[in-house]
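Structural overview for review
Spelled out, the chains give:
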Amino acid sequence: MYEFTLFRIPVRVEPFHWLILAFLGAQYFGFDDRNDILKILLFMVAGFFSILVHEFGHALTGRKFGAQGTHVVMHGMGGVAIFPQARFTRTQNFLVTAAGPGIQILLGAIAIVILSQLPEEHRAREFFSVLAQISLIWAIINCVPVFPLDGGQMLGAILGPKREILTHQISIGAAIFFGLLGFFYGFIFLPIFMAFMAYQSWQFIQSRTQR
């Protein structure tokens, strides 16, 4: 486990975070020779940086709205910004949540601009290409209305606490749709990811309806 502080916000990086990034990098590049190891390491660095920027979008926006004790945890499923003492309004909660994928999309756009300025033979091209793809694709996936992804949380902020069950019903439907879509296009990890989140939403609905 590794810990550091950035912009006065503590960050904890769990070992499983690197394992998942290595697995995704192997899926992205393949794993046939020694050169692929370097590419997987490049993917891990780009993925870590992109996720960190995403979480700091949440964290810094939350701090702007007065959140105290904010910290970031980089875990196996990505990362999370934690606000232990926050009391956000629905509008603030929406903006804090939207700031993560928003700044990640901006990062992807910046990476594309940098990539366009680099010569074809430049060694940094592959890094910025991977960074752009990771940032844009992961930000878009994060915006689908599946709880607890950012899209699901933004939907929850829009519908409000009185429609929590509806939020999670939509989450289940969206998770099934995108899980099947990922399966048909050969993205093995996505259906597993979506099935897990659909199950979490189903558990939430069960807990509320059994009261």
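Cut-offs and rules
Residues numbered from 1 in each chain as written. Predicted model: local features only at pLDDT ≥ 70, side-chain atom pairs only at ≥ 80, totals over all residues. Heavy atoms only, no water. Salt bridge = Lys/Arg side-chain N within 4 Å of Asp/Glu carboxyl O. Buried < 20%, exposed > 50% of the residue type's maximum accessible area, 1.4 Å probe, protein only. Helix = DSSP H or I, 4+ residues; strand = E, 2+ residues; numbered from the N terminus. Patch = residues over 30% accessible without salt bridge, like charges linked within 9 Å, V, L, I, M, F, W, Y side chains within 5 Å. Areas by Shrake-Rupley, 256 points an atom, 1.4 Å probe, with all protein chains shown as cover. Axes fitted to C-alpha atoms, helices over the stretch in contact; angles between N-to-C directions. Parallel < 35°, antiparallel > 145°, perpendicular 65-115°, else oblique. Left-handed = near helix turned anticlockwise from the far one by under 90°. Contact = heavy atoms within 4.5 Å. Nonpolar A, V, L, I, M, F, W, Y, C, P; charged D, E, K, R; others polar. Pairing = 2+ DSSP bridges. pLDDT = per-residue confidence, 0-100. Phe/Tyr/Trp six-rings, centres within 6.5 Å; stacked < 30°, edge-to-face > 60°.

**Examining the pattern of salt bridges**
When the charged atoms of two side chains with opposite charge come close together, those side chains can pair. Under the defined criterion, the tally for this structure stands at three salt bridges. Across the salt bridge formed by Arg12 and Glu14, the nearest N and O atoms sit 3.2 Å from each other. What makes Arg12 partly exposed here is its relative accessible area of 27%. Of the charged contacts in the structure, one is a salt bridge between Arg208 and Glu164, with a shortest N-O distance of 3.6 Å. Placement of the pair is Arg208 in helix α7 (residues 189-209) and Glu164 in helix α6 (residues 164-184), with a sequence separation of 44 residues. In this structure Glu164 comes out as partly exposed when scored by relative accessible area, which is 32%.

**So, a nonpolar patch on the surface**
Nonpolar side chains collect at one region of the surface, where Ile176, Phe177, Leu180, Leu181, Phe183, Phe184, Tyr185 and Phe187 lie side by side and expose about 960 Å² of accessible area between them. With respect to the element layout, Phe177 can be found in helix α6.

**A word on the packing of α6 against α7**
Between α6 and α7, whose axes approach to 8 Å, the crossing angle comes to 160 degrees. Classified by the interaxial angle, the pair formed by α6 and α7 is roughly antiparallel. In this structure, the crossing between α6 and α7 has a hand that is left-handed. Residue-level inspection shows Glu164, Ile165, His168, Gln169, Ser171, Ile172, Ala175, Phe178, Gly179, Gly182 and Phe183 of α6 in contact with α7, the latter providing Leu190, Pro191, Met194, Ala198, Ser201, Trp202, Phe204, Ile205, Arg208 and Thr209. Along the lines of polarity and charge, the residues of the contact of α6 with α7 split into twelve nonpolar, seven polar and two charged.

**A few points about the packing of helix α3 (residues 90-117) against helix α5 (residues 150-159)**
Across the interface, α3 lies against α5 with an axial gap of 9 Å and an inter-helix angle of 160 degrees. Here α5 runs roughly antiparallel to α3, going by the angle between their axes. α5 is crossed by α3, and the crossing has left-handed handedness. Contacts between α3 and α5 involve Arg90, Asn93, Phe94, Thr97, Ala98 and Pro101 from the former and Asp150, Gln153, Met154, Ala157, Ile158 and Leu159 from the latter. Here the residues of the contact of α3 with α5 sort into seven nonpolar, three polar and two charged.

**Some points on the sheet that holds strand β2 (residues 9-13)**
Taking strand neighbours across the sheet as the criterion, the four strands line up as β1-β2-β3-β4 in an open arrangement whose pairing is mixed. Edge positions in the sheet fall to β1 (2-6) and β4 (80-82), since each of these pairs with one other strand and no more. Along the sheet, successive strands turn relative to each other by an average axial angle of 20 degrees, direction set aside. Two elements, β2 and strand β3 (residues 71-74), share three bridges in a ladder whose sense is parallel. Across the sheet, the residue bridging to Val11 is Val72, located in β3.

**Observations concerning the confidence of the model for the chain**
On average, residues of the chain score 89 in pLDDT, and 96% of them are at 70 or above. Element-level pLDDT for the chain is lowest in helix α1 (residues 15-29), with a mean of 83, against a maximum mean of 95 in α3.

**Comments concerning the packing of aromatic side chains**
Taken as a whole and assessed by the stated rule, the structure comprises nine aromatic pairs. Ring centres of Phe127 and Phe128 lie 5.3 Å apart, and the angle between their planes is 80 degrees; this geometry places the pair in the edge-to-face category. On the accessibility criterion, Phe127 (21% relative accessible area) is partly exposed. A relative accessible area of 19% means that Phe128 is categorised as buried. Here the aromatic rings of Phe183 and Phe184 are separated by 5.7 Å at their centres, their planes lie at 70 degrees, and the arrangement is edge-to-face. Neither Phe183 nor Phe184 differs from the other in exposure class; each is exposed.

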